[in-house]
Amino acid sequence: MDSFRDKIVPVTSILLGVVVVWYVMAVVLNAPFQRDLDRRANLTPGIVEFIGKTLAQPKPTLPAPHQVAVNFFENTFLRSITSNRSLVYNAWVTLSSTLLGFAFGTALGIVIAVGIVHVTTLDRSMMPWIIASQTIPILAVAPMIIVVLAAVGITGLIPKALISTYLSFFPVAVGMVKGLRSPELTHLDLMHTYNASPSQTFWKLRVPASVPFLFTSMKVAVAASLVGAIVGELPTGAVAGIGAKLLAGAYYSQTIDIWSALVAGSVVAALLVMLVGIAGRLVDRAMGGRPA
Amino acid sequence: MTGASPAVVSASKLGLTFQTNDGPVQALSNVDLTIGKGEFVSFIGPSGCGKTTLLRVIADLEKPTSGAISVNGMTPEQARQRRAYGYVFQAAALYPWRTIERNVALPLEIMGLSRAEQAARIKRTLDLVNLSGFEKKYPWQLSGGMQQRASIARALAFDADLLLMDEPFGALDEIVRDHLNEQLLELWERTNKTICFVTHSIPEAVYLSTRIIVMSPRPGRVSDVIESTLPKKRPLDIRETPEFLAIAARVRDGLRAGHSYDD
């Protein structure tokens, strides 16, 4: 029950605070438009009625939490999951390219890290380029990737996934370089006394030592992958996906839709990070990790 | 080789100078040394006297910069490639993701032994260090003394005739240390290995060794060599006998002569 007191209570308190601030801001931000409406309709509502109206606009500047919650609930649970209004359907579209991009990115990151750790030339030449790659604004690169790939006939999932790859390989590469270099000197000396070959040292020492680093960096990478997938949907006129929902909501001023798509995206991100965390803990346990 | 005890380690005019940012540091200078088969040789001296460096040179973990050294009649590198020695570090250096038996199996896997042969050797060496029953435990589940015993088992597993031990009990408390000293002597007697043992404890050196090499710092060199007159069978309370105390006094004199007690 300690976890209840230590984690749930503080987190819930913050959440409550956020909701309160959100409601206050919703009233404040929606009030001018509501006053305008009321004046034109020659209405003079009481304060309570006025506040109620600011929280029930169809296209509010800032939707109230309950409006987002209702919209999210309807579009998640009450729609057929094949409908393109279903958040589950849209989340799945984004998720599939996220996962593909994440898999590519993790593999690429590991390959780059192995190269950097084992080839001195790569160590000197690659790292600056890898860091430089992440300073380029992805929002600018994404449309070009989509356009160029479309020109060579690659459309659909792959281009979006590649944008996820672009964002997710970086944390994995950096984390794995650190992980593969993490063995202590005595652990390496030990291998030397056994006259172990470089590949034996790699598989029996460097790889197992890097596993905790891999999972830590994969948590960052999977969240970055989701961002990549959503960004990839924005410039492509994608018809489905969280990014497409955000864009459509912005076109038609469906602010409640935007916010509930945002919530859907956050839920997916939280689930992904949690899953990677759980996988990491299971692997750690299987490798004899001390229970925390 | 001829003679009763062919040299396992033989060094002459051995020197090693490290290049550091503060200029060259002479870690070893003019070390002459012969260690015969079956000997238990301790290297004792204050920190910086080069005792660990000397052990690392024997193990081919450091290269000497002058003089000559041979291990089993070969260069240290050749000896290492033939897995001539087991090395025990000051820290147990067990791989935390491997169980005790998999840690002991590590050198055997690297040498490409069959599964059955591995299992037999793991059983035998864990028996030897009294760790039977802990095969499936992970290192963190064992006490410091047990971890160090596991690392000794790992060094014994591939049956090298030479055991190099670098302050293996330095991090343990005195009670555990006494116990492990006793066990190590027993193990040495049973296996007839040659042991090179680095320590900074005078009682430990005297209790264990057939020969004590006293070293002194700046530059690291051998300042005295003391043959032990103690019998091979040594109960723990031999440490209160006048003979033991006399040897200990000689070691202390050797250290003093090498200015090891100077500031």
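The model shown is predicted, which means the values in this text are computed figures rather than measured ones.

> If you had to explain the sheet that holds strand β7 (residues 194-199) of chain B to someone new, which residues and values would you point to?
Residues and elements named next belong to chain B. Ordered in space as β5-β6-β7-β3-β8-β9, the six strands form an open sheet in which the pairing is mixed. Each edge of the open sheet is held by one strand with a lone partner, namely β5 (85-88) and β9 (221-227). Pairwise comparison of adjacent strand axes, ignoring direction, gives a mean angle of 15 degrees for this sheet. Two elements, strand β3 (residues 40-44) and strand β8 (residues 211-216), share four bridges in a ladder whose sense is parallel. Among the inter-strand pairings, I44 is bridged to a residue of β8, identified as V214. Strand contacts of helix α1 (residues 51-58): β3, β6 (162-166), β7 and β8, with the helix running at about 150 degrees to β7, the strand carrying the most contacts.

> Any details on the sheet that holds strand β2 (residues 23-36) of chain B? Residues and values, ideally.
Residues and elements named next belong to chain B. Spatially, the three strands line up as an open sheet ordered β2-β1-β4, and their pairing is antiparallel. Each edge of the open sheet is held by one strand with a lone partner, namely β2 and β4 (66-71). Ignoring which end each strand starts from, the neighbouring axes of this sheet average 20 degrees apart. Relative to β2, strand β1 (residues 7-20) runs antiparallel, the two being bridged by ten bridges. Paired with L14 across the two strands is V31, which belongs to β2.

> Account for the interface of chain B and chain A, with residues named and values stated.
If you look at the interface, chain B gives 18 residues, while chain A gives 15 residues. For the side of chain B that touches chain A, the secondary structure elements donating two or more residues are α2 (76-81) and α3 (100-110) of chain B. When residues of the side of chain B that touches chain A are assigned to their parent elements, the largest contribution, three residues, is made by α3(B). Here the side of chain B that touches chain A is composed, by residue class, of 14 nonpolar, two polar and two charged.

> Now, about the domain arrangement of chain B: what can you tell me, with residues and values included?
Residue and element names in this part refer to chain B. The domain boundaries assigned to chain B delineate domain 1 (36-84 + 161-263) and domain 2 (94-159). Centre-to-centre, using C-alpha coordinates, domain 1 lies 24 Å away from domain 2. Taken residue by residue, the interface counts ten residues in domain 1 and ten residues in domain 2. Considering each element in turn, the side of domain 1 that touches domain 2 owes the most residues, four residues, to helix α6 (residues 174-191). Looking at the side of domain 1 that touches domain 2 residue by residue, the classes come out as eight nonpolar, one polar and one charged.

Rules used in this analysis
Residues numbered from 1 in each chain as written. Chains lettered and ligands numbered in written order. Predicted model: local features only at pLDDT ≥ 70, side-chain atom pairs only at ≥ 80, totals over all residues. Pairing = 2+ DSSP bridges. Helix = DSSP H or I, 4+ residues; strand = E, 2+ residues; numbered from the N terminus. Axes fitted to C-alpha atoms, helices over the stretch in contact; angles between N-to-C directions. Contact = placed C-beta atoms within 7 Å. Nonpolar A, V, L, I, M, F, W, Y, C, P; charged D, E, K, R; others polar. Domains from an automatic or database assignment.

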